[in-house]
Amino acid sequence: MMRKAMLFIAFGVVLFAGACSPIYRNHGYVPIDQDLAQIEVGKSTRDDVAAAIGRPSSTGLLEGSGWYYVGSRWKTVTWHAPEEISREVVAVSFNDNGVVTNVERFGLEKGQVVTLSRRVTESKVKGIGFLRQLLGSIGRINAGQVLGDN
């Protein structure tokens, strides 16, 4: 009888500990550096980029402005709301002829957009308003704003 009770308690402890372990989920796709190395700034075209790393899920608002690959990692512990623990964006910009002019990798650090790597053909880098909006929105949206409650 005592052995069954100890077995039941041990099973309960294992079940409880397993329920408290975090669950991680990945969303989106960000190409790895080895795949990005196949893209030559000033030489590669849209078709070359599509063959090397695939077509993105997001593109720039203006035709030909760029392709954006977005990936994020979420952590959920027990009944708490999921928390985004990392977000990364790779931006590939093209000129009017469809040739790559810029390849950049952005991440988040303490809620601020951080450039992780950059390869450009020009010394002047185009603004990243879209990326700042995309990455900078973490923690600024609450349910009341989404539902229209003020």
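The structure displayed is predicted, hence computed values, not measured ones.

Calculation notes
Residues numbered from 1 in each chain as written. Predicted model: local features only at pLDDT ≥ 70, side-chain atom pairs only at ≥ 80, totals over all residues. Heavy atoms only, no water. Pairing = 2+ DSSP bridges. Helix = DSSP H or I, 4+ residues; strand = E, 2+ residues; numbered from the N terminus. Phe/Tyr/Trp six-rings, centres within 6.5 Å; stacked < 30°, edge-to-face > 60°. Buried < 20%, exposed > 50% of the residue type's maximum accessible area, 1.4 Å probe, protein only. Patch = residues over 30% accessible without salt bridge, like charges linked within 9 Å, V, L, I, M, F, W, Y side chains within 5 Å. Areas by Shrake-Rupley, 256 points an atom, 1.4 Å probe, with all protein chains shown as cover. Salt bridge = Lys/Arg side-chain N within 4 Å of Asp/Glu carboxyl O.

(A) Broad picture of the pairing of strand 4 (residues 83–94). The pairing of strand 3 (residues 67–76) with strand 4 spans 9 bridges and is antiparallel. Across the sheet, the residue bridging to G71 is E88, located in strand 4. Between strand 3 and the antiparallel strand that follows it, strand 4, lie 6 residues; T78 among them carries a positive phi value of about 45 degrees. Pairing analysis gives 7 bridges linking strand 4 to strand 5 (residues 100–109), with the strands arranged antiparallel. Of the residues in strand 5, the one forming a bridge with A91 is E104. The turn linking strand 4 back onto strand 5 is made up of 5 residues, and G98 within it adopts a positive phi angle of 85 degrees.

(B) Layout of the packing of aromatic side chains. Following the criterion strictly, the structure yields 2 aromatic pairs and no others. Taken together, a centroid distance of 6.1 Å and an interplanar angle of 80 degrees make the contact between Y29 and Y69 edge-to-face. Remark: Y69 occurs in strand 3 and Y29 occurs in the loop between strand 1 (23–28) and helix 2 (33–36); sequence separation between them is 40 residues. Judged by its relative accessible area of 1%, Y69 is buried. Between W67 and F94, the ring centres sit 5.2 Å apart and the planes meet at 70 degrees, which makes this aromatic pair edge-to-face. With W67 in strand 3 and F94 in strand 4, this pair connects stretches of sequence that are 27 residues apart. A relative accessible area of 7% places W67 in the buried class. The exposure class of F94 is buried, given its relative accessible area of 1%.

(C) Expanded view of a nonpolar patch on the surface. A cluster of nonpolar side chains, namely M2, M6, F8, I9 and V13, defines an oily patch on the protein surface of about 590 Å² accessible area. For M6, the position within the fold is in helix 1 (residues 2–19).

(D) Expanded view of the pattern of salt bridges. Summed over all chains, the structure comprises 4 salt bridges. With a shortest N-O distance of 2.9 Å, R105 and D33 are connected by a salt bridge. Here R105, found in strand 5, pairs with D33, found in helix 2; they are 72 residues apart in sequence, far enough to count as distant. Judged by its relative accessible area of 51%, D33 falls in the exposed class. Two residues, E40 and K43, come together in a salt bridge whose shortest N-O distance is 3.7 Å. Given a relative accessible area of 43%, E40 falls into the partly exposed group. Judged by its relative accessible area of 60%, K43 is exposed. Look at the salt bridges and you will find they share partners, linking D33, E88 and R105 into a network.

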